[in-house]
Amino acid sequence: LSLPNDSSLEDTVADVASAEKLARDALHILSSLDPGTQHNVQPVLILCIYPWSTPSLHRLSRSYHVCASRQLVAEACLRSSRPEDARVFLTDAVKDLPGNYEAAFALAAFHLRIMLGNNGNDGNGAKKTRTLLLKAAKMGIDTVAKPDPFALLGVWYESQKDASRAKGCYQKALAI
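Since this is a predicted model, take the numbers as computed values, not measurements.

Would you mind going over the environment of F150 in detail, with residue names and values included?
Here F150 is to be found in helix α7 (residues 148-159). Spatially, the C-alpha atoms of F150 and A137 are 6.3 Å apart, while their sequence positions differ by 13 residues. Setting aside residues up to four positions removed in sequence, F150 forms contacts with A137, I141, C169, Y170, K172, A173 and I176.

Give me the lowdown on the nonpolar core, citing residues and values where you can.
Grouped together as the largest cluster of nonpolar side chains are 30 residues, with contacts concentrated most on V73, F89, L153, W156 and Y157. When residues of this core are assigned to their parent elements, the largest contribution, 6 residues, is made by helix α5 (residues 101-117). Among the nonpolar cores identified, the runner-up in size contains 5 residues, and Y101, A104, A136 and M139 belong to it.

Quick one: what's the story with the confidence of the model for the chain, residue by residue and with numbers?
Averaged over all residues, the pLDDT of the chain equals 78, while 75% of them reach at least 70. The model gives residues 37-48 a pLDDT under 50, and that stretch makes 10 contacts with residues more than four places away or in other chains.

Could you give me a rundown of the packing of helix α4 (residues 83-96) against α5, with the residues and numbers involved?
Interaxial distance between α4 and α5 falls to 8 Å at its minimum, and their mutual angle equals 150°. With respect to α5, the axis of α4 lies roughly antiparallel. Every pair of crossing elements has a handedness; the one defined by α4 and α5 is left-handed. Side by side, α4 and α5 meet where P83, A86, R87, L90, T91, A93 and V94 of the first sit next to A103, A104, A106, L107, F110, H111 and I114 of the second. Of the residues contributing to the contact of α4 with α5, the split by class is 11 nonpolar, 2 polar and 1 charged.

So what about the pattern of salt bridges? Which residues, and what values?
Evaluation of the coordinates by the stated rule reveals 7 salt bridges. A salt bridge links R70 to D92; its shortest N-O distance comes to 3.8 Å. Taken together, the residues span a long stretch of sequence, with R70 in helix α3 (residues 55-79) and D92 in helix α4 at a distance of 22 residues. Judged by its relative accessible area of 15%, R70 is buried. Among the ionic pairs, R70 bridges to D96, the shortest N-O distance being 2.4 Å.

Can you tell me about the packing of α7 against helix α8 (residues 163-175), naming the residues and giving the values?
Two elements in contact, α7 and α8, have axes separated by 8 Å at closest approach and are oriented at 165°. Judged by the inter-axis angle, α7 sits roughly antiparallel to α8. Seen along the crossing, α7 lies across α8 with a hand that is left-handed. Where α7 abuts α8, its residues F150, A151, L153, G154, V155, Y157 and E158 lie against R165, A166, C169, Y170, K172 and A173. Broken down by class, the residue content of the contact of α7 with α8 amounts to 9 nonpolar, 1 polar and 3 charged.

What counts and how
- Residues numbered from 1 in each chain as written.
- Predicted model: local features only at pLDDT ≥ 70, side-chain atom pairs only at ≥ 80, totals over all residues.
- Heavy atoms only, no water.
- Helix = DSSP H or I, 4+ residues; strand = E, 2+ residues; numbered from the N terminus.
- Contact = heavy atoms within 4.5 Å.
- Core = buried A, V, L, I, M, F, W, Y, C linked by side-chain atoms within 4.5 Å.
- Buried < 20%, exposed > 50% of the residue type's maximum accessible area, 1.4 Å probe, protein only.
- pLDDT = per-residue confidence, 0-100.
- Axes fitted to C-alpha atoms, helices over the stretch in contact; angles between N-to-C directions.
- Parallel < 35°, antiparallel > 145°, perpendicular 65-115°, else oblique.
- Left-handed = near helix turned anticlockwise from the far one by under 90°.
- Nonpolar A, V, L, I, M, F, W, Y, C, P; charged D, E, K, R; others polar.
- Salt bridge = Lys/Arg side-chain N within 4 Å of Asp/Glu carboxyl O.

If you want it as structure tokens, here you go:
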């Protein structure tokens, strides 16, 4: 095996920067589309929103796309080693669309990642992580049962030295 040369590392950094710029541009465009002033928006920009017939469906569609764009920007921030920026974008994604499972799960997984990176010594962060994971698990059950939050809850309980609850979460994840 050989180490990558400097030019390939630069390409990777350039790719991450390019991905972040594209995600931020998409977020900016979506954020600028106000459903109340839809008739003032240039037609080119409207192509990224489905042509819903009612304002409430249009707002919901816009919120979903803004939420997804925030998650993309957060992922780019993580790849650029900027976890605090990622946290802001993931938190805003959940605020934009509180009922969105993917946004809630992404924020919960992010908090678990940070907590485990601190060796579980994050006091209030550990409690918040557990709360976010439980919320994502409940949201996952309310739609189509999703095992991922339960698997991560198992990891959380394991990090807190609660083997019996960890085992229960892992079993639940496998049963789904």
